[in-house]
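Topology and contacts: notes
In case you want the letters, here they are:
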Amino acid sequence: MLFMLFMVKWFLSRSVSVAYRLREMNKKNNYKKQVNPMKWTAEAETAIKKVPFFVRKKVRSKVEAFAGQAGKDRVAIEDVQAAKAHYMKNMDEEVKGYRLDACFGQGGCPHKANDSEGLARRIESLLENANLREFLKQQVNGPLKFHHDFKVTLSDCPNACSQPQIKDIGIIGAAVPAVTDAECSMCGACETACKDCAVSLDACAGKPVIDWERCLSCGQCAKVCPTGAIAVDRYGYRVLLGGKLGRHPRLADELPGIYDEDSVVAIVQWCIDEYKRGSTKGKRFAELVAEDEGLIKRLLEDIGDGRFVNRPYSVRPLCNGHS
Ligand code: SF4
Ligand code: SF4
Ligand code: SF4
């Protein structure tokens, strides 16, 4: 059971990692080319079937890779047990010091507001260069655990499938709409598409009106507009800092505004530097944000006015039952 729990945790911690997402296509192609897939004994099959279905495929391939490295073409129960022992013993080595996740927007999700692939690569490079594992090894008394990782996630739209609200840094893709000079047919498609009741039609002006207090910059109104009377003005990102789960969970604070890619990279670097300056004994960045009321103010002063939309942030009432 411990092994199953560990493998589930291991898989979930990397299930939508950026590296995983970028490798998916190659892995699919390689799988198709595989002429002689590895065989499993009945006993090993029984063991792997005890792994929850939603991670079974990944755990299976991990065990196969482990057996393959030992020169085997058949997985026996001993290989499952050896893989278990290996991963239990080497949990510390599995901790990279950071975790960068993303939603599945890059896989063609129709809700995607912005394309974050380039940004994800830049952030991964910052995290790698920060040597966070070495930093944690010096700070933490004892073996590293997954909860020590500095966590960053990207969601490509406000649906926030990768849970940016509970990560040290959460980034949400944004497509900022604008009303253009193009003719509006008053078809109402934008009103219907907006889950936040942020678009209404002004019959006198013959134009749509956007309520900026409600708009989350998901870009859906622009996607459905047949005439271009609403179009995407700018693409960017919302940035949330200081979310975490654990014994003392907290939701991240959202920075005011919407930021371009360079500004987001600057924010992430600033946060990494601040984390390495202020964290001791494995203290999470989210805890630094929670303890230091001036942290976000200093960040905004240091990075300058990189935001291109001064999006107000306020608690909005729910709209049509959407959350
Ligand atoms: S966050 Fe948005 S773009 Fe990403 S998977 Fe969820 S719905 Fe799709
Ligand atoms: S007005 Fe509505 S549909 Fe359009 S971007 Fe804003 S939240 Fe999305
Ligand atoms: S803005 Fe576009 S989608 Fe909205 S009513 Fe006008 S034509 Fe239709």
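This text follows the structure it describes.
Now for a quick tour of the structure. The structure presented is a predicted model; accordingly, all values stated were derived computationally and were not measured. Along each chain, numbering runs from 1 in the same order as the chain's sequence is written. Note on labels: chains are lettered from A, ligands numbered from 1, in written order. In keeping with the model being predicted, local features are shown solely for residues with a pLDDT of at least 70 and side-chain atom pairs are shown and tallied solely at 80 or more, while totals for entire chains, interfaces and linings include all residues.

Attention now goes to the nonpolar core. Counting 55 residues, the largest nonpolar core has Y237, V239, L241, V264, V268 and C271 as the members making the most contacts within it. The leading source of residues in this core is strand β5 (residues 169–179), at 7 residues. Domain ranges listed in this record stem from an automatic or a database domain assignment. Both domain 2 (96–177 + 235–323) and domain 3 (178–234) contribute no fewer than three residues apiece to this core. By the convention adopted here, residues make contact when the C-beta atoms placed from their backbones lie within 7 Å. Leave out the neighbours within four places in its chain, and V268 touches I123, L126, V152 and I169. Counting residues in hydrophobic clusters, the runner-up holds 10 residues, among them A44, A47, V51 and A67. The nonpolar core criterion groups buried Ala, Val, Leu, Ile, Met, Phe, Trp, Tyr and Cys residues into a set whenever they are joined through C-beta atoms within 7 Å. Think of it as a crowd count around each C-beta: if 20 or more other C-beta atoms lie within 10 Å the residue is buried, if 12 or fewer it is exposed, and in between it is partly exposed, with C-beta placed from the backbone throughout. Counting from the N terminus, the helices are the DSSP runs of H or I reaching at least four residues and the strands are the DSSP runs of E reaching at least two.

We now examine the environment of C215. Mapping C215 onto the fold places it in the loop between β7 (207–210) and α10 (220–224). The exposure class assigned to C215 is buried, which follows from the 22 C-beta atoms found within 10 Å. Those residues in contact with C215, other than ones at most four positions away along the chain, are D196, A198 and I210.

One can expect most non-glycine residues to show negative phi and most peptide bonds to be in trans. Although it is not a glycine, A160 sits at a positive phi angle of roughly 60°. You can see A160 is positioned in the loop between β4 (150–155) and β5. For A160, a count of 19 C-beta atoms within 10 Å gives the class partly exposed. The phi angle at S217 is positive, at roughly 60°, despite the residue not being glycine. Among the residues examined, S217 registers 29 C-beta atoms within 10 Å and is labelled buried.

Once that is clear, we can look at the packing of helix α7 (residues 117–129) against helix α11 (residues 261–278). The angle between the axes and the distance between the axes are what describe a pair of packed helices. Axis geometry follows a simple rule: fit a line to the C-alpha atoms, using only the stretch in contact for helices, then measure angles between N-to-C directions, giving values from 0 to 180 degrees. As a packed pair, α7 and α11 sit with axes 10 Å apart at the nearest point and diverge in direction by 25°. Taken together, the axes of α7 and α11 lie roughly parallel to each other. The handedness of the crossing between α7 and α11 comes out as right-handed. Residue-level contacts link G118, L119, R122, I123 and L126 of α7 to E261, V264, V265, V268, Q269 and I272 of α11. The cut-offs work like this: below 35 degrees is roughly parallel, past 145 is roughly antiparallel, 65 to 115 is roughly perpendicular, and the gaps in between are oblique. What makes a crossing left-handed is the near helix being turned counterclockwise from the far one by less than a right angle; a clockwise turn instead makes it right-handed.

This part covers α11. Helix span, expected: 1.5 Å multiplied by one less than the number of residues in the helix. With 18 residues, α11 should reach 26 Å at 1.5 Å per residue; the first-to-last C-alpha distance of 26 Å fits that figure. Within α11, burial applies to S263, V264, I267, V268, C271, I272 and Y275.

A word on α7. With 13 residues, α7 ought to run about 18 Å at 1.5 Å a step, and its terminal C-alpha atoms sit 19 Å apart, in line with that. Looking at the residues trailing α7, positive phi occurs at N131, about 50°.

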